[in-house]
Amino acid sequence: MELFHPHSQALLDCWLSLPRDGVLPLRSSFFPEKVPQLLPNLIIYEMVSENFIRFRLAGTAVRERMGFDPTGKNYLDFVADERKAKASQSFFSVVEQPCGMRVVSNHGMSSGRRMFLEVFMLPLENDMSPNPIVLCQSNEIKPDTDDYIGDNARLENVTVMRRDFMDIGAGISSFQD
């Protein structure tokens, strides 16, 4: 799979370099501060349950795009009710059948601005707690430089344009939207 944004490739390169006992690198071996170029667009999700996907870390660019700091909040609270089950299934597909996932999505902001993002996700073996962990790079790939984002612009909706899975050594998920 060709990744569109160089930071997605950098996350993959970092992930591949981490020590591992099996297919997945260990959470204890990943130190976000060691990849400073990825920090602004880095998200770490904790897969608590099918109804709760916790933002463990959200980089500064992610917080700015969303208009607030989602750390500690449930990702699914920002998904339309009719899409919550599918969104949860897609996230869990990355950890249940360990694989990478790339989503190209269109984010609608309260200012009227639309952003296209490449969201690239990779799982980690969580040797620090019982819940699976997913690393994510969320990078704008088609900036609307003519649009103004007001200070109070907030994320209003997300539309999935494309979803691809990457085999990282254990096959790929059969999940479909």
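Use the structure listed above.
Here the structure is a predicted model, which means the values were calculated and not measured.

Once that is clear, we can look at the pattern of salt bridges. Using the criterion set out here, one finds six salt bridges in the structure. Beyond isolated ion pairs, a larger network of salt bridges with shared partners links Arg102, Glu118, Arg162 and Asp164.

Turning next to the packing of aromatic side chains. Under the definition given, this model contains seven aromatic pairs. Relative to Phe78, the ring of Phe55 lies with its centre 6.2 Å away and its plane at 70°, an arrangement referred to as edge-to-face. Residue Phe55 is found in strand E2 (residues 52–58), and its partner Phe78 is found in the loop between helix H2 (60–66) and helix H3 (84–96); the two are separated by 23 residues along the sequence. Accessibility expressed as a relative area gives 2% for Phe55, which makes it buried. By relative accessible area, which is 28% here, Phe78 ends up partly exposed. Through a chain of ring-to-ring contacts, the aromatic side chains of Tyr45, Phe55, Phe68, Tyr75, Phe78 and Phe91 assemble into a single cluster.

Looking at where Asn126 falls in the secondary structure, it is placed in the loop between strand E4 (114–124) and strand E5 (133–142). Judged by its relative accessible area of 14%, Asn126 is buried. Side-chain polar atoms of Asn126 contact the backbone nitrogen of Met128, separated by 2.9 Å. If we ignore the near neighbours within four places in the chain, the residues touching Asn126 are Arg27, Asn131, Pro132 and Ile133.

Along the chain, Arg102 falls in strand E3 (residues 100–109). A polar side-chain atom of Arg102 sits 2.8 Å from the main-chain carbonyl oxygen of Glu2. What Arg102 contacts, discounting residues up to four positions off in sequence, is Met1, Glu2, Leu3, Phe4, Glu118, Val119, Phe120, Arg162, Arg163 and Asp164.

Time to look at the nonpolar core. The biggest cluster of nonpolar side chains holds 27 residues, and the ones touching the most others in it are Tyr45, Met47, Ile53, Tyr75 and Met121. Counting residues per element, the ones that place at least two in this core are strand E1 (42–49), E2, H2, H3, E3, E4 and E5. Here this core takes five residues from H3, the largest share from any one element. In contact with Met121, other than residues within four places in its own chain, are Tyr45, Phe91, Cys99, Gly100, Met101, Val134, Leu135 and Cys136. Counting residues in hydrophobic clusters, the runner-up holds 20 residues, among them Leu3, Ala10, Leu11 and Ile168.

This next bit is on the layout of surface pockets. A volume near 170 Å³ is recorded for the second largest pocket. Around the second largest pocket, the lining residues are Arg27, Ile44, Glu46, Arg56, Leu57, Asn126, Met128, Ser129 and Ile133. Of all elements in the fold, only E1 and E2 reach the threshold of two or more residues within the lining of the second largest pocket. Each residue belonging to the lining of the second largest pocket can be placed in one class, and the counts come to four nonpolar, two polar and three charged.

The rules we used
- Residues numbered from 1 in each chain as written.
- Predicted model: local features only at pLDDT ≥ 70, side-chain atom pairs only at ≥ 80, totals over all residues.
- Heavy atoms only, no water.
- Salt bridge = Lys/Arg side-chain N within 4 Å of Asp/Glu carboxyl O.
- Phe/Tyr/Trp six-rings, centres within 6.5 Å; stacked < 30°, edge-to-face > 60°.
- Helix = DSSP H or I, 4+ residues; strand = E, 2+ residues; numbered from the N terminus.
- Buried < 20%, exposed > 50% of the residue type's maximum accessible area, 1.4 Å probe, protein only.
- Polar contact = N/O pair within 3.5 Å; in protein donor to acceptor, adjacent residues only side chain to side chain.
- Contact = heavy atoms within 4.5 Å.
- Core = buried A, V, L, I, M, F, W, Y, C linked by side-chain atoms within 4.5 Å.
- 1 Å grid on protein atoms, 1.4 Å probe; cavity = no way out; pocket = protein on both sides within 12 Å on 5 of 7 lines; lining within 4 Å.
- Points joined across faces, edges and corners; volume = space filled by probe spheres on them.
- Nonpolar A, V, L, I, M, F, W, Y, C, P; charged D, E, K, R; others polar.

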